[in-house]
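Secondary and tertiary structure notes
Next come the chains, spelled out residue by residue.
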Amino acid sequence: MKMTAGTALLKVLESWNVGHIYGIPGSSVNGLMESLYAERDAIEYIQVRHESAGAMAAAGYAKFSGKIGVCFGSAAPGGTNLINGLYDAKMDRVPLLAIVGQTAMQNINTTFFQEMDEIPLYADVSVYNKMATTASQIPALIEEGIRTAYANHGVSVVILPNDLVETEIDYSP
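My aim in this report is to walk through the structure given alongside it, one point at a time. (Residues numbered from 1 in each chain as written. Predicted model: local features only at pLDDT ≥ 70, side-chain atom pairs only at ≥ 80, totals over all residues. Heavy atoms only, no water.)

In this section: the overall build of the chain. Helices and strands together make up the secondary structure of the chain, namely eight helices and eight strands. The C-alpha radius of gyration of the chain comes to 14 Å, within 12% of the 16 Å expected for a compact globule of 173 residues. Along the first, second and third principal axes, the C-alpha set of the chain runs to 35 × 35 × 30 Å. Scored against the burial criterion, the 173 residues of the chain give a buried share of 53%. Restricting the contact set of the chain to residue pairs at least 6 apart, pairs at least 24 apart contribute 78%. In the structure as shown, the chain presents an accessible area of about 7,800 Å², 52% of it carried by carbon and sulfur atoms. The chain carries 10 positive and 18 negative side-chain charges, and their two centres are separated by 7 Å. (Helix = DSSP H or I, 4+ residues; strand = E, 2+ residues; numbered from the N terminus. Rg over C-alpha atoms; globule rule 2.2 N^0.38 Å. Buried < 20%, exposed > 50% of the residue type's maximum accessible area, 1.4 Å probe, protein only. Contact = heavy atoms within 4.5 Å. Areas by Shrake-Rupley, 256 points an atom, 1.4 Å probe, with all protein chains shown as cover. Lys, Arg positive; Asp, Glu negative; His and termini not counted. Charge placed at Lys NZ, Arg CZ, Asp CG, Glu CD.)

Turning our eyes to something else, we now look at the environment of Arg40. Structurally, Arg40 is set in the loop between helix H2 (30-38) and strand S3 (44-47). A distance of 2.6 Å separates a polar atom in the side chain of Arg40 from the backbone oxygen of Tyr37. (Polar contact = N/O pair within 3.5 Å; in protein donor to acceptor, adjacent residues only side chain to side chain.)

Extensive coverage of strand S4 (residues 69-73) is indicated by the burial of five of its five residues. Where S4 and strand S5 (residues 96-102) come together, five bridges link them in parallel fashion. If you follow Val70 over to S5, its bridge partner there is Leu97. (Pairing = 2+ DSSP bridges.)

This paragraph deals with the packing of aromatic side chains. With the rule as written, the count across this model stands at two aromatic pairs. Ring centres 5.7 Å apart and planes at 25 degrees place the aromatic pair Trp16 and Tyr150 in the stacked group. With Trp16 in the loop between helix H1 (5-15) and strand S2 (20-23) and Tyr150 in helix H7 (residues 138-152), the pair connects residues that are 134 residues apart, well separated along the chain. For Arg40, the ring lying beneath its charged end belongs to Tyr37, and the centroid distance is 4.0 Å. (Phe/Tyr/Trp six-rings, centres within 6.5 Å; stacked < 30°, edge-to-face > 60°. Lys NZ or Arg CZ within 6 Å of the ring centre and 35° of its normal.)

In short, geometric facts, not functional conclusions.
So, in structure tokens, the structure goes:
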């Protein structure tokens, strides 16, 4: 079935009974925001005032529910603002999925606005830390990130270049 990689990502979250996601809009997560709007009946988007609050809310949800908490932040400053909540989840050994935006693939490794190498930033806090390099990888990375977060009681980070999230792919659950 054809759909955007962002919609396929949400279908994976739905299959894990994720009912809501915390985050704040930003240009590098436009594809995710569009998919969240389209899938608003299945997954509730809870807008926070700061990414740190979203990550803390996701960690708190995981602590009290036993289910994975999910949050997102945009590229560079948005994603770096997640760190406090991610460490909170790490220290309490609860499953958390952080989706981090990234600039379009053609701008990676340049001095483009808010582009940075995000992988090293999350190395210490995470049990899983990957960046998609093709749109078709996105559902599998989200699936593997969730499985790893549950198996290792920790934080999974999946970094998504926005142009890939907006790309149409073939996806079957």
